[in-house]
Structures are given as C-alpha cells and as structure tokens.
Amino acid sequence: MDIPAPPAEHRLRVLVDLPRHSRLEAVLDYLAPEPWPAGTLVRVPLGKREVCGIVWGLAEAPDPAEGDGETPVLRSVVQALTDLPPFSHGWLRLVAFAAAYYQRSPGEVALSALPPDLRDLEAVQLARRLKRLDKALAAATKAAAQAVAPERPALSPEQQTVLDTLASVPQGPSPPSLLFGATGSGKTEVYLREAERVLAAGRQALVLVPEINLTPQLEARFAARFPDRCIVSLHSGLTPAQRLQHWLSAHLGRADLVLGTRMAVFASMPRLGLIVVDEEHDPSYKQQEGARYSARDLAVWRGRHEQVPVLLGSATPSLESWYNAGPAEAGGGRYRRLVMPSRIGGGALPAVRVVDLARIAAQFGKQALRAHPLAPPLLDALRERLGRGEQSLVLLNRRGYAPVLHCTSCGWKSACPHCSAWRVFHKLDRTLRCHHCGITERVPRACPDCGDPDIQPMGRGTERLEEQLADLLPGARIGRIDADSTRAKGSLAEQLASVHAGEVDVLVGTQMVAKGHDFRRMTLVAAVQADAALFSSDFRAPERLFSLLMQAGGRAGRDAALAGRSEVWIQTWHPEHALYAALRRHDYEAFAASQLAERESAGMPPFSFQALLRADARTPEVALAFLEAAALRAQDLPGASEVLIYPPVPAPIHRIADVERAQMLVEASGRVALQRLLAQWLPGLRAQASESTTRVLRWALDVDPLSI
Ligand code: ADP
Ligand code: ZN
Ligand code: ZN
C-alpha cells in the first residue's frame, strides 16, 4: 500500500501559558518549517490569539492506528525568535521540576518566569531591542574600563575560615552550604568574595534577597566592589522595559551578577557559577499565588542539577535548613554547616531585656499600661537614647491606629461586612479599612447600631503608637514606617534615607524595617506586643518571632563603638517563656534544638512533608464539600496509606470579600510518598472542580505551605 509522504514539516511540542487547571497540559503540538531546538522562543496561534511559547522538544508522529483515523489539524508556529539563544537544558529542567513538584503546568511556570515584555515581542522588535542593549552595554563597558580597583577589607579570621572551606570544595556535585552567621558577622563580605572567585573564573553569580527594598542596598555594595562588571537586578519593582533589559543581559550571559528577589531564581544564566540565598529563612521566598514555589528550595535544586555551589546565609536559619545542616546521625548531613558567631569589630550583640508586664501592672496599675504603650523602664531607656542623640526602633506588627472601633454603650464593633475580620481604624484619613478585602469607609460619626457618638478605638496600631510616643517624648522626632506610610513609589527609600541621615530619633515600624537595614546610630530596639506568636495555631509562628526579634536586634549596635550599650527590649506577659530565654542568650541553637524536638515528637516538618489543599466558594458547605470529596478520591489512590489527610477545616480567616475559604492538610513522612499521591490526585481534582455539588470558585494546592 502506498503511504503518502509526510509533509516537509516538523512537529514541535511547545509550552504555552494556559489558564491554571485547564484540562490541557499546556504543552501543545505545532507544525514548524524547521526543527528548532528545545528552548527556542516562538510565537504560536492559540485559539484566536497569538501567544509566546517555548519549544519543549520534537513531538512524536501521531500513531495512525489510534483514533478514528482523522488526525487533528495542527496549526503552525508563526515565527521563531532565533535572534535569542535558546534556553539551556538546565533551565528547561528547572521549569519541568518546579512544575511537577508544585503541581502546575510547565507552560505556566516557564512563561510566568519571563518578563512580560518579552512575551509580547515579535522577532523584528526583539532584534531592535537587542541592538539597543548592545549599545548600552558597550557604553557601560567603556565606562567600566576606567573604574579604579576597589578596596577590600582584610578578612576576619572567621570569614577566612569559611572562605577557605568553600574554596576547598571540589568542582562538581557538592552539597549546599549553610552559612550560620550572627547579624553583623560579615556574611555579605563572604558573598562578595565568593562572587569574586566565580567571576574571575568567567562565570555568573546569582544573589537572592527576600525583599525588593533590600536590593538597592545590596546592589550598591556589589557595584562598589565590582565597578568593572555588569550587574543587573530582577524584581517586580522594575519598569517592564528595565526588567526586559536586565533579563536579556542575564540570558545573553552579558550580566556577570544578577541580584534579585524570589522570581530571580528562574533567571536564565548560561554561565551560572554560584547561587547565594541571603536571609534564607525569610518567608518571602515562598510565592503565595500561582505556582507556590519556594525560591530557596528551587535554588538548592538548581545548584545541585547545574552543579553550581549554593550558599544559604542566615543568623536564624529556617528549621528545615538547620536540620539539613545538622549531624547526619540526627537525620541531617545534607548541607555543609559554616559558622561565623562573632560580629565584625568585636562588637557585642545587644543585651536583651525582658519586661514583665504583669509586674509592671502590679506596680503601676493595669490602667497605666492601657494608656501607655511602653512600660516606665522602657520609656526611661528611650529617653536616655534621646539624651545621647542615639536612635531607637519600636516595633509593632499592626498598622493603622487601632485594630477595631467599638461602641461603649451597645458593644457594636467595626466588623467588616464582607470578611470574618475587623475593619481597622486609620485616624490620619479617618477611615475604617478592612486589610483583607480593602473596603474603605469614612468613620461613622456615631454608632451605626444605637447612635451613641462615643465610639472608641480598642487596642493599638502603629499610628496610635506614633501619636502616644509623641506625647510621651516631647521634642523627639518620631517617624513611622509601615505599609501605609510607604504606599507611594520611592517613599520607602526616602524614609529610610531620612532615618540614616539621623532625622528621626524614634522610629515606629512594622517588621518591614526589622530586616536587613543597617542603621548605624540605632542602639535600642523594642518589641512592644510580641506575645501573640507564642500561642498561634500556626506551628511556625515561634520560629518567625524568634528570627524577627534576632533580626531586629541585629539592627541595634551595628556601630561597634555603640554596640556596648545596645539593647533589645521585649514587653511580655510571659517573661519565663523558653523563646525569650533563648533570645536573651542569643542562643539560636538552643531555640532551634527545642523547636526541632517539639516538631519531631509531633511529626511536623522537617520531620514530615505537607501540602495544603485550599478551596474557595460562596458558601462554607460547598468549600468543605469540595475538600471532603477530594479526600474520598485520595483514599482510592495507590499509596494513599502512606499519606495522612486531615479533616477539612475553615481557613484561619474563613471569609474574605464574601468568599468562604476552607483548607485541608495532607501530610506524609517522606517527600516521595507525598509527591506520588499529589501527582495522581490532581487530574481528578480538576474534573471534580466542575461538578455541580462541589463547584468551587477557586481551589489551589500549596506544596510545603509556610502558613497553615
Ligand atoms: P551581616 O550580613 O552578616 O549582618 P554585613 O555583611 O552587613 O553583616 O557586615 C557588617 C558590617 O561589617 C558591614 O558594615 C561590613 O561592611 C563590615 N565588614 C564586613 N566584613 C568586614 C571585614 N572583614 N573588615 C571590616 N569590616 C567588615
Ligand atoms: Zn452602639
Ligand atoms: Zn473585608
């Protein structure tokens, strides 16, 4: 029988960004005039649109024996952007792994890792961009040639030891290193030296930081050290044009250093030679929507598979990393542990003072505590700083004036009509604002229920603390930095600069200021309301509190000359709590050991692996029914006996914007068992989500969730 010759065309598999949970796998077959290699950027038709895609590989010819003989008509690739070198196999493998691990499609993961502007480019526009980039880089290179060699500080003995160890690691596969270094021990200098070594060998370095607002500071330090190198940043604060330009520089191998937030873990870097994850414990490394990946974990994976050293740094490592870097006999032995316990310049860590609020209440009366946010001894300590012209930071993790307003006669409270939460009173613009759904209204003149005009704030947020401190410390310059004070673009940088310039005596702030900023003249940090985390239902809350307070303490006394009188103050009703006891001794290791022991006996991470299935619906019944049906479905899957499925429960804030939210925890003692179950479970869930009794608005799976 005569078989007609196939058309002189190739079939390519192409990744496209299909909506999440779509039934298609987001890898589609297209015809192409040439067998473009995997990783080539292409433009393809999708429905009525033309979209950006990435060649995933050659497609297999359809099996003529299959189906009803009618092969679907394949559409053709519109164009290939061959001016751009294809993505490396390493990059494609990273995408494939992230997609499989976090249960998303590779198309979604790959395309969402690209700068939005790149996805819209056609070949002609791309060529123009590349030419422009060439020019810009040439100009920069010329300027760099005139740069003078920077001065490097002599290394401390601890830095030297750490760097010697790192230098002795043979090329090739090797475990990641966890640099456990006190705040101010000079971890950044270690990153700089490691980067220097890698750059000298002709490779690129990738440095991740948890927050956008830490990138300028870091960029400045790297730029000062490597004036003749091309350094780019990648984060969501860039304009689309900048982001594209930076991304292209990295992808083309022109940028030597890429600094960025979690998204940068997907940077395409052909000469990658080092990955640094600074403040590796920071929850910001976990993406909270779409593919809920952990950039820290992906960095470790990427390093292993591209055979590139990975350096994780922290003064308070995540318990997962600490455990991995622990002794092999105890289940660790997967990471190399490097330590730098001393501060540069020999400065002591600040003394920690724990104020027993019960004692203060007994001494001064409970009323005094309500009226005054700070216990008298703490207030005295602040005054002392003022007298010496030193700065203080008062931390309160709650913005607004008061978390709730209430009516003194009928008990009305400012509940949000759309959420299971209170609306927060903001005094500056006299609004009631829900921090969950965003609804904002003017504060009513009188109680909406009984008409009594006497409605009062309850509790305290940063605005009120600022106001109370201004009353208590006349003449002091009080500043406030929180999400409200920094809404305008560039205003955070401005406010930080004014603190650095010494224009603020007492800074009130949320955790936003506790991280990473290097305030030279700050000799006191106070946490006035830290206790909530001790009794949270989230088992990670103590870990976060401990690291926040250690970080915050690290802001104090960075100037060695002032270190001797630096203090961290904590007001608490539970002064005897083990967490505060460990903090007093700056003893992360003891804290970590006690937490790990607790987690081990309770079978919690890192001794188990978790995923959280969430469902949103108009009614709680539907959300819970979806999860219950999902649980039933899971029970029939092979390997189900190795996985524990908890009963579905309402989310901690069960209603947001009139949507009911529920969640269900899934747990296994091994990653593999959990992954096996998830992979089999997901396809069925997609189908289930459209069934009438369990038709939810949204559902999502969070692998290795950070908050439960
Ligand atoms: P960390 O990141 O560990 O908190 P940094 O890297 O910010 O600490 O270092 C703290 C301070 O010490 C910085 O001002 C830095 O410039 C300085 N520093 C670091 N290493 C040295 C060194 N070897 N000699 C002198 N100063 C150093
Ligand atoms: Zn009332
Ligand atoms: Zn609301």
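Note that residues are indexed from 1 along each chain, following the sequence as it is written. Throughout, the order in which chains and ligands are written sets their labels, letters from A for the former and numbers from 1 for the latter. Where totals are concerned, whole chains, interfaces and linings use all residues; where local detail is concerned, this predicted model gives features only for residues with pLDDT of at least 70, and gives and counts side-chain atom pairs only at 80 or more. Where side-chain values are given, they derive from all heavy atoms of the structure, hydrogens and water being excluded.

Peer 1: Explain the overall build of the chain here, please?
Peer 2: Of regular secondary structure, the chain possesses 21 helices and 28 strands. Accessible area is worked out with a 1.4 Å probe on protein chains only. A residue is then buried under 20% of its type maximum, exposed over 50%, and partly exposed in between. The 708 residues of the chain split such that 53% are buried. Of all intrachain contacts in the chain linking residues separated by at least 6 positions in sequence, the fraction that spans at least 24 positions is 75%. For every accessible area listed, the method is Shrake-Rupley and the probe measures 1.4 Å; residues are considered covered only by the protein chains on display. Accessible surface, the chain: about 31600 Å² in total, of which carbon and sulfur atoms supply 54%. Positive charges come from Lys and Arg alone, negative charges from Asp and Glu alone, with His and the N- and C-terminal ends not counted. For the purpose of locating charges, the reference atoms are NZ of Lys, CZ of Arg, CG of Asp and CD of Glu. When the 81 basic and 77 acidic side-chain charges of the chain are each reduced to a single mean position, those positions are 4 Å apart. Only DSSP runs of H or I with at least four residues qualify as helices, and only runs of E with at least two residues qualify as strands; both kinds are numbered from the N terminus onward. Contacts are assigned to residue pairs that have any heavy atoms within 4.5 Å of one another.

Peer 1: I would appreciate a short explanation of the pairing of strand β9 (residues 257–260) in the present structure.
Peer 2: Look at any regular strand and the pattern is simple: side chains alternate between the two faces of the sheet. Covered by surrounding structure in β9 are Leu-257 and Leu-259 together with Val-258 and Gly-260, the residues of both alternating faces. Judged from the 4 bridges that link them, strand β8 (residues 231–234) and β9 form a sheet pairing that is parallel. When the bridges of β9 are listed, Ile-231 appears paired with Leu-257. In terms of handedness, the path from β8 via helix α8 (residues 240–251) over to β9 forms a crossover that is right-handed. Criterion used throughout: strands pair if DSSP finds at least two bridges between them. Here a crossover is taken to be right-handed if, once the strands point away from the viewer, the path from the first strand over the helix to the second is traced clockwise.

Peer 1: Where do I start with the pattern of salt bridges in this structure?
Peer 2: One side chain can pair with another of opposite charge once the charged atoms of both are near each other. One speaks of a salt bridge when a side-chain nitrogen belonging to Lys or Arg is within 4 Å of a carboxyl oxygen belonging to Asp or Glu. The tally for this structure, following the rule as stated, stands at 43 salt bridges. Ionic pairing is found between Glu-390 and Arg-388, a salt bridge with its closest N-O pair at 3.1 Å. Given the relative accessible area of 1%, Glu-390 is considered buried. Residue class for Arg-388 comes out partly exposed when judged on its relative accessible area of 34%. Measuring nitrogen to oxygen at the nearest pair gives 2.9 Å for the salt bridge that ties Asp-484 to Arg-399.

Peer 1: Explain the coordination of the zinc ion (ligand 2) here, please?
Peer 2: Note on metal geometry: ideal angles are 109.5 degrees for four donors arranged tetrahedrally and 90 or 180 degrees for six donors arranged octahedrally. Metal donors: N, O and S atoms at distances within 2.8 Å, or within 3.2 Å for Na, K and Ca, with water omitted from the atom set so that some sites may seem incomplete. In the first shell of the zinc ion (ligand 2), the protein supplies Cys-407 (SG), Cys-410 (SG), Cys-447 (SG) and Cys-450 (SG), at 2.2 to 2.3 Å from the metal. Of note is the zinc ion (ligand 2), whose 4 donor atoms meet at the metal with angles of 104 to 114 degrees in an arrangement that counts as tetrahedral. Between the donor residues of the zinc ion (ligand 2), the gaps in sequence give the motif C-x2-C-x36-C-x2-C. On the accessibility criterion, Cys-407 (2% relative accessible area) is buried. The rule is simple: four donors are tetrahedral if all their angles sit between 85 and 135 degrees, four are square planar and six octahedral if opposite donors span more than 155 degrees and the others lie between 65 and 115, and anything that fits none of that is irregular.

Peer 1: Please explain the pairing of strand β14 (residues 391–395) as it appears in this structure.
Peer 2: Of all 5 residues that make up β14, 5 are buried, and the element is covered over most of its length. The sheet contact formed by β14 and strand β22 (residues 522–527) spans 5 bridges and is parallel. Its bridge partner lying in β22, Leu-393 is registered against Val-525. With 4 bridges joining them, β14 and strand β21 (residues 506–509) adopt parallel strand pairing. Within the sheet, the bridge partner assigned to Val-394 lies in β21 and is Val-508.

Peer 1: Mind showing me how you'd approach the sheet that holds strand β7 (residues 204–208) here?
Peer 2: Each strand in a sheet pairs with its neighbour through backbone hydrogen bonds, running either in the same direction (parallel) or in the opposite one (antiparallel). Taking strand neighbours across the sheet as the criterion, the 7 strands line up as β8-β9-β7-β10-β11-β6-β12 in an open arrangement whose pairing is parallel. Of all strands in the sheet, those bounded by a partner on one side alone are β8 and β12 (336–340). Direction aside, the axes of adjacent strands within the sheet are offset by 20 degrees on average. With 4 bridges connecting them, β7 and β9 associate as parallel partners. By the bridge assignment, Ala-205 is partnered in β9 with Leu-257. Every axis in this analysis is a line fitted to C-alpha atoms, fitted for helices over the stretch in contact. Angles between the N-to-C directions lie between 0 and 180 degrees. In the packing of helix α6 (residues 187–200) onto the sheet, contacts are made with β6 (177–181), β7, β9, β10 (272–278), β11 (310–314) and β12, and the angle to β10 comes to roughly 170 degrees.

Peer 1: For this particular structure, what's the right way to read the sheet that holds strand β16 (residues 424–426)?
Peer 2: Reading across from one edge, β16-β17-β18 is the order of the 3 strands in this open sheet, with antiparallel pairing throughout. Each end of this open sheet is capped by a strand with a single partner; those strands are β16 and β18 (440–442). Going from strand to strand, the sheet's axes swing by 30 degrees on average, the running direction of each strand aside. Where β16 and strand β17 (residues 431–433) come together, 3 bridges link them in antiparallel fashion. If you follow His-426 over to β17, its bridge partner there is Thr-431.

Peer 1: Explain the site of ligand 1 here, please?
Peer 2: Surrounding ligand 1, one finds 17 residues, the nearest of these being Ala-154, Gln-159, Gly-184, Lys-187 and Thr-188. Polar contacts, as counted here, are pairs of nitrogen or oxygen atoms within 3.5 Å of one another; within protein the pair requires one atom able to donate a hydrogen and one able to accept it, and residues that are adjacent in sequence qualify only if both atoms are side-chain atoms. Within the backbone of Ala-154, a nitrogen or oxygen atom sits 2.7 Å from a nitrogen atom of ligand 1. With respect to ligand 1, the backbone of Thr-188 contributes an N or O atom lying 3.0 Å from an oxygen atom. When ligand 1 sits alone it has 560 Å² of accessible area, and the protein chains cover 75% of it. Considering every element that reaches the shell around ligand 1, the biggest residue donor is α6, with 3 residues. Any residue with a non-hydrogen atom lying within 4 Å of a molecule or strand is treated as near it.

Peer 1: Even after reading the chapter, I still don't get helix α13 (residues 376–388), so can you show me in this structure?
Peer 2: Structurally, the α-helix is built with 3.6 residues per turn, so residues lying three or four positions apart point the same way. Any helix carries an expected span of 1.5 Å times its number of residues minus one. Look at α13: 19 Å from first C-alpha to last across 13 residues, which is about the 18 Å you get at 1.5 Å a residue. Here α13 has its buried residues at Leu-378, Leu-379, Ala-381, Leu-382 and Arg-385. Looking straight down α13, one finds its buried side chains confined to an arc of 160 degrees; they lie on one side. Where α13 is buried, its residues meet β14, α14 (462–472), β21, β22 and β23 (567–572). Arc definition: it is the arc formed by the directions from the helix axis to the C-beta atoms.

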